Amino acid sequence: MSIIGKIETETGLKPAFTDKYGPAYPLEDLYPVFMRRINANSHFLIQAKKMTTDAQKAIELTDSVEKKFSESLRKLTAAEQSFALASKKASGSVRESTTKLSEGLLRIEKAANFDKLERYVELLERAAKAIDILGDLEKSGRLAKIADAIK
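Residues numbered from 1 in each chain as written. Predicted model: local features only at pLDDT ≥ 70, side-chain atom pairs only at ≥ 80, totals over all residues. Heavy atoms only, no water.

> With reference to specific residues and values, describe the overall build of the protein chain.
From N to C terminus, the protein chain includes five helices and two strands. Along the protein chain, helices (α) and strands (β) appear in the sequence α-β-β-α-α-α-α when read from the amino end. In terms of overall dimensions, the protein chain is more spread out than a globule: its C-alpha atoms have a radius of gyration of 52 Å, far above the 15 Å expected for 151 residues. Based on the C-alpha atoms only, the size of the protein chain along its principal axes is roughly 150 × 35 × 20 Å. Scored against the burial criterion, the 151 residues of the protein chain give a buried share of 8%. The contacts in the protein chain between residues at least 6 apart in sequence include a share of 26% that link residues at least 24 apart. Just so you have it, the protein chain exposes about 13,200 Å², and 62% of that area is on carbon and sulfur atoms. (Helix = DSSP H or I, 4+ residues; strand = E, 2+ residues; numbered from the N terminus. Rg over C-alpha atoms; globule rule 2.2 N^0.38 Å. Buried < 20%, exposed > 50% of the residue type's maximum accessible area, 1.4 Å probe, protein only. Contact = heavy atoms within 4.5 Å. Areas by Shrake-Rupley, 256 points an atom, 1.4 Å probe, with all protein chains shown as cover.)

Put into structure tokens, the structure is as follows:
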């Protein structure tokens with residue numbers, strides 16, 4: 001029951017009119033009622049009880065929000081740890097593959113001996129040019145003349 005409802009039953013006051021907001025009372029009728037309540041401290045006790053109930057609801061709501069926030073934070077932390085672990089594994093795998101590739105290239109370089117390989121390629125190119133020149137000389141008939149001159 002609202003404070004106005006209690007005032008009606010305790011004092012016998014009747015509303016002057018009622019509109020969409022509820023009953024309306026003349027202020028001069030309400031002042032003596034409130035003064036008696038204030039002097040008897042009952043008005044403040046009633047308000048204190050109402051405030052205590054409101055405070056309790058606020059505390060319960062705050063606790064509920066805190067629990068939900070803590071749960072969300074726990075889930076976020078677990079996801080972050082999972083991502084960190086996955087990224088460490090991926091990073092380690094990349095490092096391991098890079099090391100293996102580097103070692104493999106070093107083995108190929110040692111086995112192939114690129115200095116000798118380069119020399120062989122140059123010699124093969126020179127030999128191919130010489131064979132082409134000899135073929136041209138043979139077609140033109142000059143190779144036989146050169147061979148006869150050397151003998």
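There is more to say, and it comes next.
> Describe the pattern of salt bridges, listing the residues and the values that go with them.
In the structure shown here, the tally under the stated rule is two salt bridges. Ionic pairing is found between Arg-74 and Glu-71, a salt bridge with its closest N-O pair at 2.5 Å. Of this pair, Arg-74 and Glu-71 both sit in helix α3 (residues 42-112), three residues apart, which is roughly one turn of that helix. Here Arg-74 falls in the partly exposed class, since its relative accessible area comes to 49%. Put simply, Glu-96 and Lys-100 hold a salt bridge, and the shortest N to O gap is 3.2 Å. Residue Glu-96 and its partner Lys-100 are both found in helix α3; the two are separated by four residues, about one turn of the helix. (Salt bridge = Lys/Arg side-chain N within 4 Å of Asp/Glu carboxyl O.)

> Tell me about a nonpolar patch on the surface, and name the residues and values.
A surface patch of nonpolar side chains, about 580 Å² in accessible area, is lined by Leu-101, Leu-105, Ile-108, Phe-114, Leu-117 and Val-121. Among the elements of the structure, α3 and α4 (114-140) are those that each provide at least two residues to the nonpolar patch. You can see Leu-101 is positioned in helix α3. (Patch = residues over 30% accessible without salt bridge, like charges linked within 9 Å, V, L, I, M, F, W, Y side chains within 5 Å.)

> Mind laying out a negative patch on the surface, listing which residues take part and the relevant values?
A cluster of acidic residues, Glu-109, Asp-115, Glu-118, Glu-122 and Glu-125, forms a negative patch on the protein surface. Its place among the elements puts Glu-122 in helix α4. (Lys, Arg positive; Asp, Glu negative; His and termini not counted. Charge placed at Lys NZ, Arg CZ, Asp CG, Glu CD.)

> I'd like a description of helix α2 (residues 27-39), backed by residues and values.
The end-to-end C-alpha separation of α2 is 18 Å, in line with the 18 Å expected for 13 residues at 1.5 Å each. Those residues of α2 that sit buried are Leu-30, Val-33 and Arg-37. Taken around the axis of α2, the buried residues stretch over an arc of 65°, which confines them to a single face. For α2, the exposed residues set more than 90 degrees away from the buried face come down to Glu-28, Tyr-31, Arg-36 and Asn-39. (Expected span 1.5 Å × (residues − 1). Arc of directions from axis to C-beta.)

> Before we move on, could you go through the packing of α4 against helix α5 (residues 142-150) and cite the residues and values that matter?
For the pair α4 and α5, interaxial distance at closest approach is 5 Å and the crossing angle is 100°. In terms of orientation, α4 lies roughly perpendicular with respect to α5. Contacts between α4 and α5 involve Leu-134, Leu-137, Glu-138 and Ser-140 from the former and Arg-142, Leu-143 and Ile-146 from the latter. Of the residues in the contact of α4 with α5, the class split is four nonpolar, one polar and two charged. (Axes fitted to C-alpha atoms, helices over the stretch in contact; angles between N-to-C directions. Parallel < 35°, antiparallel > 145°, perpendicular 65-115°, else oblique. Nonpolar A, V, L, I, M, F, W, Y, C, P; charged D, E, K, R; others polar.)

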